[in-house]
Amino acid sequence: MGTVSSLEVAMQVSLSKYHPATGWHPPLPIALDSRSTLVLAFGGSRYADDPEPFFALADAFPQSVHAGCSSDGGGEGCADAALNVAVLRFEHARLAAATLTVRRREDSALMGAALGAQLPQGGLRMAFLLGDGEGIDGEALLRGLRGSLPRCVMLAGGLAGDRAGLAKAWVYGADGHLPAPARACVIGLYGERLRFGQGHARGWQCLSLPLPVTRACGKVLYEIAGRPALAEYKRHLGEHAGSLPGVALAYPLAVTDAAGGAPSIRSVLAVDECRGALVLSGSVPEGAVVRLMHARPDDLQGSSERAAHQALAALPPGARSVMISVGCPARQWLQAEAGCSPRTGLRPAELAGTAQVGFHSFGEVGLPVGGAGGAQLHHQTQTFTALAEA
């Protein structure tokens, strides 16, 4: 009798899509239901008011751990009308999950710590965080979660949201409730046979010297180097300033706090001509340093490809795997505007044996620029998390 290799009994992965007009295709793999099964669901904002597919998921996978969130404009491989579902059944890894509603934005850090406290710490290898990036302070949520977990635990995930502010975000958690705003969910993955890799795509280059933030409040940047922030931003944009606010997507800011830590990337979401201010995608503290950034479309695509390769390279050769992509849709928009054909990572031939799922995010959880230190919340980046068993 021949022996069975570890790869033959490793993780099983199945992808399905739900469309309101046609239902599920292919049918949901109900045979994969188990206490070691993770069901991930990503789709458009419309599913905050359409519970039908989530009733189907609950019926098909009563033992499994469920998680998901809305995707800004759809998600990896799906249009806004579709709900994209990945079902991962682990043979050796164990799962745990926690979900909370954040009723007050100022409680976000406490809720992050509470999420982490609900995860058993023994054997925890990785935590995957999903949250509403509009109703929750994502930076504080991540800070609270990070402080409640062992330093060796890898953090990944992202925030749901709509950059245009026209649709409401939702998060689907492991508590049996339907998708809803102002929620956060964390999935804990355990076990020595779990294998994972992470890649973080940026592609942005600094265009300016470091400039001190002299007045700011929350996400609103009022003064840079003692001058109105908008005027200083326009000065550095030069001839491109006339194309504001649309061109701001192509010129985010790198923000380094006063302690001199690793910089975080922040989008410029709006300009306030009356106050001469910039509205950023994340907070910027007084005393921090900012630098203007820009990227060529080829640089964005190249960084995504390298990050996806980096994530897959950490897995055993030939292992059945899944790749979870969390990325800002503005990256693809910038490539399309330049006449490029945007891709989210690797070509199909390079993904043989790897299922791919993900969502367009309002913030990405990834390693700091330079790779040192704890996970940070970034914007206008793309992360890849690859999972397998050995």
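For clarity, every value in this text was computed on a predicted model and none was experimentally measured. (Residues numbered from 1 in each chain as written. Predicted model: local features only at pLDDT ≥ 70, side-chain atom pairs only at ≥ 80, totals over all residues. Heavy atoms only, no water.)

Colleague: Break down the overall build of the chain for me, citing the residues and quoting the values.
Modeller: Tallying secondary structure elements over the chain gives six helices and 25 strands in all. Classification of the 390 residues of the chain by burial places 55% in the buried group. Long-range contacts, defined here as pairs at least 24 residues apart, represent 80% of the contacts in the chain between residues at least 6 apart. Of the accessible surface of the chain, which amounts to about 15900 Å², a share of 54% is contributed by carbon and sulfur atoms. (Helix = DSSP H or I, 4+ residues; strand = E, 2+ residues; numbered from the N terminus. Buried < 20%, exposed > 50% of the residue type's maximum accessible area, 1.4 Å probe, protein only. Contact = heavy atoms within 4.5 Å. Areas by Shrake-Rupley, 256 points an atom, 1.4 Å probe, with all protein chains shown as cover.)

Colleague: Report on the packing of helix α2 (residues 108-117) against helix α3 (residues 138-148), specifying residues and quantitative values.
Modeller: Running from N to C, α2 and α3 point in directions that differ by 35°, and their axes come no closer than 6 Å. Taken as a pair, α2 and α3 cross one another with a handedness that is right-handed. Residues S108, A109, M111, G112, A113, L115, G116 and A117 of α2 form the contact with α3, whose participating residues are A140, L141, G144, L145 and S148. Split into classes, the residues belonging to the contact of α2 with α3 amount to eight nonpolar, five polar and no charged. (Axes fitted to C-alpha atoms, helices over the stretch in contact; angles between N-to-C directions. Left-handed = near helix turned anticlockwise from the far one by under 90°. Nonpolar A, V, L, I, M, F, W, Y, C, P; charged D, E, K, R; others polar.)

Colleague: Just give me the short version of the sheet that holds strand β2 (residues 23-25), but keep the residues and values in it.
Modeller: Strands sit in the order β2-β1-β5-β3-β4-β9 across an open sheet of six strands; the sheet is mixed. Strands with a single pairing partner mark the edges of an open sheet, and in this sheet they are β2 and β9 (171-172). As paired strands, strand β4 (residues 65-70) and β9 are joined by two bridges and run antiparallel to one another. Bridge assignment links C69 to a residue of β9, and that residue is V171. (Pairing = 2+ DSSP bridges.)

Colleague: Talk me through the sheet that holds strand β7 (residues 124-132); I want residue IDs and the actual numbers.
Modeller: Hydrogen bonds between backbone atoms are what pair the strands of a sheet, whose relative direction is either parallel or antiparallel. Pairing is mixed in the open sheet, where six strands are placed in the order β6-β10-β7-β8-β23-β24. Each edge of the open sheet is held by one strand with a lone partner, namely β6 (94-101) and β24 (376-378). If you compare each strand with its neighbour and ignore which way they point, the axes differ by 20° on average. Relative to β24, strand β23 (residues 364-366) runs antiparallel, the two being bridged by three bridges. Paired with V365 across the bridge in β24 is L377. This element, α3, spans β7, β8 (154-160), β10 (183-190), β23 and β24 of the sheet and lies at about 155° to β24.

Colleague: So what's going on with the nonpolar core? Which residues, and what values?
Modeller: Nonpolar side chains in soluble globular proteins generally cluster together in the buried interior. Formed by 32 residues in total, the largest nonpolar core has its most connected members in F90 and L387. Leave out the neighbours within four places in its chain, and L387 touches M11, L88, F90, M126, L189, R195, F196, L315, R320, S321, V322 and I324. Of all hydrophobic cores here, the second largest spans 31 residues; its members include V213, A241, M293 and L334. (Core = buried A, V, L, I, M, F, W, Y, C linked by side-chain atoms within 4.5 Å.)

Colleague: Lay out the pairing of strand β22 (residues 354-360) with the relevant residues and their values.
Modeller: Taken across its seven residues, β22 has seven buried, putting it largely inside the fold. Residues T354, Q356, G358 and H360 point to one face of β22 and A355, V357 and F359 to the other, with burial holding for every one of them. Sheet topology note: the strand β21 (residues 321-327)/β22 ladder contains seven bridges and is parallel. Looking at β22, one finds that G327 is bridged to H360.

Colleague: I'd like a description of the confidence of the model for the chain, backed by residues and values.
Modeller: Should the pLDDT be low somewhere, the predicted coordinates at that spot are not to be read in detail. Here the chain averages 87 in pLDDT, and 88% of its residues register 70 or above. Across the chain, strand β14 (residues 220-224) holds the top mean pLDDT of 97, while helix α6 (residues 329-337) sits lowest at 74. Segment residues 1-7: pLDDT under 50, and eight contacts once partners within four positions in sequence are set aside and those in other chains are kept. A low-confidence stretch, residues 74-79 (pLDDT under 50), is modelled with 18 contacts involving residues beyond four sequence positions or located in other chains. (pLDDT = per-residue confidence, 0-100.)

Colleague: Talk me through the side chain of S108; I want residue IDs and the actual numbers.
Modeller: Tracing the sequence through the fold places S108 in helix α2. By relative accessible area, S108 is classed as buried at 0%. For S108, the contacting residues outside a window of four places in its chain are V102, I136, D137, A140 and L141.

Colleague: Now, about the side chain of S303: what can you tell me, with residues and values included?
Modeller: Following the sequence through the fold, S303 ends up in helix α5 (residues 297-313). For S303, a relative accessible area of 5% gives the class buried. Within the local environment of S303, its side chain forms a polar contact with the side chain of R331, the two groups lying 2.9 Å apart. Ignoring anything within four residues of it in the chain, the contact list for S303 reads A201, R202, G203 and R331. (Polar contact = N/O pair within 3.5 Å; in protein donor to acceptor, adjacent residues only side chain to side chain.)

Colleague: Kindly report on the environment of F384, identifying the contributing residues and their values.
Modeller: You can see F384 is positioned in strand β25 (residues 382-389). Distance in space between the C-alpha atoms of F384 and A307 is 6.7 Å, their sequence separation being 77 residues.

Colleague: I'd like to hear about the packing of aromatic side chains, residue by residue, with values.
Modeller: For any pair of aromatic rings, the description rests on two quantities: the centre-to-centre distance and the angle between the ring planes. Inspection of every chain in the model, using the stated rule, returns six aromatic pairs. Between Y18 and W24, the ring centres sit 5.1 Å apart and the planes meet at 55°, which makes this aromatic pair tilted. Sitting over the ring of Y47, R46 keeps its end group 5.2 Å from the ring centre. One cation-aromatic arrangement involves R215 over Y222; the distance from NZ or CZ to the ring centre is 4.4 Å. (Phe/Tyr/Trp six-rings, centres within 6.5 Å; stacked < 30°, edge-to-face > 60°. Lys NZ or Arg CZ within 6 Å of the ring centre and 35° of its normal.)

Colleague: Provide a residue-level description of the pattern of salt bridges, including the pertinent values.
Modeller: Throughout the structure, instances matching the rule amount to 12 salt bridges. Here R215 and E223 are joined by a salt bridge, their closest N and O atoms 3.7 Å apart. Here R215 falls in the partly exposed class, since its relative accessible area comes to 38%. The closest approach of N and O atoms between E232 and R227, which form a salt bridge, is 2.8 Å. Residue classification places E232 among the buried residues on the basis of a relative accessible area of 2%. Salt bridges linked by common partners bring R104, E106 and D107 together as one network. (Salt bridge = Lys/Arg side-chain N within 4 Å of Asp/Glu carboxyl O.)

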